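Okay, here's what each chain looks like letter by letter:
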Amino acid sequence: MDQTGPLPERQRWKLLRWLGREGSPNGGVQRAAGAAFFIRIANAAIAYLSQIIMARWMGAFEYGVYVYVWTWVLLIGTVSDLGFAVTAQRFIPRYTQENDLDRVRGFIHASRWVPGFFVTLLAVAAALSIWLLSGRMDAYLVFPLYLACLALPPYGLTGAQDGVARSFGWINLALVPPFILRPLLLLAIMLALFAAGLPLDAATAMWAAVAATWLTAIGQILVLDRRVDTRVEQGPRAYSHRLWLVSALPILFANVFQFMLSYVGVFLLQAFRSPNDVAVFYAATKVTAIVSMVYFAVSASAAYRFAALEAAGDRPGLERFYAGSIRWMFWPTVLVGGGILAVGKPLLWLFGQEFTAGYGLMWVMVAGLALRTAIGPGEQFLNMMGQQRTSATIYAAAFVLNLIFCFLLIPQWGAMGAAVAATVSIVLESALIYATMRRRFGISAFIAPRERDS
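Residues numbered from 1 in each chain as written. Predicted model: local features only at pLDDT ≥ 70, side-chain atom pairs only at ≥ 80, totals over all residues. Heavy atoms only, no water.

### Notes on the overall build of the protein
Looking only at helices and strands, the protein has 16 helices and 0 strands in total. Relative to its length of 454 residues, the protein is compact, with a C-alpha radius of gyration of 22 Å against a globular reference of 22 Å. The principal-axis extents of the C-alpha atoms in the protein amount to approximately 65 × 50 × 35 Å. When the 454 residues of the protein are sorted by exposure, 53% land in the buried category. Partitioning the intrachain contacts of the protein with sequence separation of at least 6 by distance along the chain shows that 82% fall at a separation of at least 24. Of the roughly 20,700 Å² that the protein leaves accessible, carbon and sulfur atoms contribute 66%. (Helix = DSSP H or I, 4+ residues; strand = E, 2+ residues; numbered from the N terminus. Rg over C-alpha atoms; globule rule 2.2 N^0.38 Å. Buried < 20%, exposed > 50% of the residue type's maximum accessible area, 1.4 Å probe, protein only. Contact = heavy atoms within 4.5 Å. Areas by Shrake-Rupley, 256 points an atom, 1.4 Å probe, with all protein chains shown as cover.)

### Overview of helix α11 (residues 315–342)
Counted at 1.5 Å a residue, the expected span for α11 with its 28 residues is 40 Å, and the 41 Å between its end C-alpha atoms agrees. In this structure D314 caps α11, since a side-chain oxygen of it lies 2.9 Å from the backbone nitrogen of G317. (Expected span 1.5 Å × (residues − 1). Polar contact = N/O pair within 3.5 Å; in protein donor to acceptor, adjacent residues only side chain to side chain.)

### Here's the deal with the packing of aromatic side chains
Under the criterion given, the structure shown has 23 aromatic pairs. Between Y63 and Y66, the ring centres sit 6.3 Å apart and the planes meet at 35°, which makes this aromatic pair tilted. Residue Y63 and its partner Y66 are both found in helix α3 (residues 60–77); the two are separated by 3 residues, about one turn of the helix. Grouping residues by exposure puts Y63 and Y66 together as buried. Among the aromatic residues, those joined into a ring-pair cluster are F84, F91, Y95, F107, Y239 and W244. For the cation-ring pair, R40 lies above F296, with the distance from its terminal atom to the ring centre recorded as 4.5 Å. Sitting over the ring of Y295, R372 keeps its end group 6.0 Å from the ring centre. (Phe/Tyr/Trp six-rings, centres within 6.5 Å; stacked < 30°, edge-to-face > 60°. Lys NZ or Arg CZ within 6 Å of the ring centre and 35° of its normal.)

### Remarks on helix α6 (residues 139–167)
The first and last C-alpha atoms of α6 sit 44 Å apart over 29 residues, in line with the 42 Å expected at 1.5 Å per residue. Counted residue by residue, α6 has 23 buried out of 29 residues, so it is predominantly covered. Within two residues after α6, G169 carries a phi angle of roughly 85°, on the positive side.

### A word on the side chain of R182
Residue placement: R182 occurs in helix α7 (residues 171–195). Buried charge without a partner: R182 forms no salt bridge, and the closest opposite charge is D162, 8.7 Å away. Leave out the neighbours within four places in its chain, and R182 touches Y155, T158, P177, A212, T213 and T216. (Lys, Arg positive; Asp, Glu negative; His and termini not counted. Salt bridge = Lys/Arg side-chain N within 4 Å of Asp/Glu carboxyl O.)

### Overview of the packing of helix α5 (residues 101–133) against helix α9 (residues 241–272)
Any two packed helices are characterised by the angle at which their axes cross and by the distance between the axes. One way to put it is that α5 packs onto α9 with a least axis distance of 11 Å and a crossing angle of 60°. As far as their axial angle goes, α9 and α5 are oblique. Of the two elements, α5 crosses α9, and the hand of that crossing is right-handed. Across the interface between the two elements, R103, G106, F107, A110, W113 and V114 of α5 pack against H241, W244 and L245 of α9. Split by residue class, the contact of α5 with α9 holds 6 nonpolar, 2 polar and 1 charged. (Axes fitted to C-alpha atoms, helices over the stretch in contact; angles between N-to-C directions. Parallel < 35°, antiparallel > 145°, perpendicular 65-115°, else oblique. Left-handed = near helix turned anticlockwise from the far one by under 90°. Nonpolar A, V, L, I, M, F, W, Y, C, P; charged D, E, K, R; others polar.)

### Digging into the pattern of salt bridges
Summed over the entire model, instances satisfying the criterion amount to 7 salt bridges. The closest approach of N and O atoms between D225 and R112, which form a salt bridge, is 2.6 Å. With a gap of 113 residues between them, D225 in helix α8 (residues 202–231) and R112 in helix α5 connect regions that are remote in the sequence. The class for D225 is partly exposed, based on a relative accessible area of 29%.

### Some points on a nonpolar patch on the surface
Together, F143, L150, W207, W214, I218 and L222 line one region of the surface with nonpolar side chains, adding up to about 610 Å² of accessible area. Taken together, the elements giving at least two residues each to the nonpolar patch come down to α6 and α8. With 4 residues, the single largest contributor to the nonpolar patch is α8. By the element assignment, F143 lies in helix α6. F143 gets classed as partly exposed once you look at its relative accessible area, which sits at 43%. (Patch = residues over 30% accessible without salt bridge, like charges linked within 9 Å, V, L, I, M, F, W, Y side chains within 5 Å.)

### Side note on the confidence of the model for the protein
For the protein, the mean per-residue pLDDT works out to 87, and 92% of the residues sit at or above 70. Taking the mean pLDDT of every element in the protein, the minimum, 49, falls on helix α1 (residues 9–19) and the maximum, 95, on helix α13 (residues 359–374). Note on residues 1–7: pLDDT under 50 across the span, and 20 contacts to partners over four residues away in sequence or across chains. (pLDDT = per-residue confidence, 0-100.)

### Some details on the side chain of S391
Here S391 shows up in helix α15 (residues 388–413). Residue S391 is classed as buried on the basis of its relative accessible area, which comes to 1%. Residues in contact with S391, not counting those within four places in the same chain, are E379 and N383.

### What to know about the nonpolar core
One broad rule of soluble globular proteins: the nonpolar side chains tend to lie buried together. The biggest cluster of nonpolar side chains holds 39 residues, and the ones touching the most others in it are I92, V104, F168 and L175. Mapped by element, the contributors of at least two residues to this core are α2 (26–58), α4 (84–97), α5, α6, α7, α8, α9 and α10 (275–311). Judged by nonpolar contacts, the second largest core, of 34 residues, contains Y63, V65, A123 and A212. (Core = buried A, V, L, I, M, F, W, Y, C linked by side-chain atoms within 4.5 Å.)

Below, the structure is given as structure tokens:
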């Protein structure tokens, strides 16, 4: 961890202004967390309605093709930002506090062309793979998959610019384009095509998705540039490519392990059990997903503030802020989780009567999500403190444990085995993060009663 001394009073005032409210960053992060939470709720509602509308317009077969193809975009998009979204939240606040604006400008520039070049190579490689394998796949998949390759570059850029916007505290600019504007644009374009009498098949839907993704990315970059100009004057750029890449790549691997943690249960249920088990497990995860939105909201709002407080050398302020972030995360999660469990059976019933068998899974899943919030946004803290390799190692260990327990439990317990395996991996992940923070930073990262301000 880099060591810095206390900032002069003038720079300390600048830090407080950066954090959102002079004298206390807490009000700013709570407002940002609230905004992030409601953006994700709105996104869930839009996604639900759009799935119904598009399925009715396109029919089950064509909609199924579109979902399959777009899932590949989401899968490859997991790695498309090269970890720069998180890295931005560490370096931009630090460079700003050090008044190293040349590197602020350099990082923003690099956060576009480095991931942009990488994801373009991925898109070309994907298109080449489709061409080579086209004779072995169903003909109706080929052209939509080619179109998916066109969506990859703007999808990756949006992810990287999300992190840049968060590093300035602009949570709405970070989240509204991908979570609100892109799905609404997709629906609007599909509606225009529907009104024009064009066939609404998978290829048409992918053209609309490509257009919506490019428009969203371009609009986000234009607005971001204009807002950055109000904070950072024009000037030369300085680069630390090696440092940035070395910091970003472990985050990339951590993202991959997190993605695999999310889907290993589904894959192994498909291998060992019937599709009914897969369906029940998937429905339970979707219903409980709203509980995890609290964790996402606070993490999205707090990460860059960890970096800014560390850059200021304000260790007491950093510890108080982290303790506050646990409270903002844990108690709302308990509240939302309790509410979801209270109406869990009716929500599962909406999927079909047989899906109510997943109600027991929800209790196990919610318990794991609550435990994760009890230690706070530890992953984001470690990443901001330069401990991204440790974070990646922790998620790799959690993935391996999840995989082992899935193999042990799913053959006998089915969907419940997958749910227990996921929660056990969260227990390991949380314990390792807690131990790391206590050993390396002296921070006891666990929910505790609020201390009175002195």
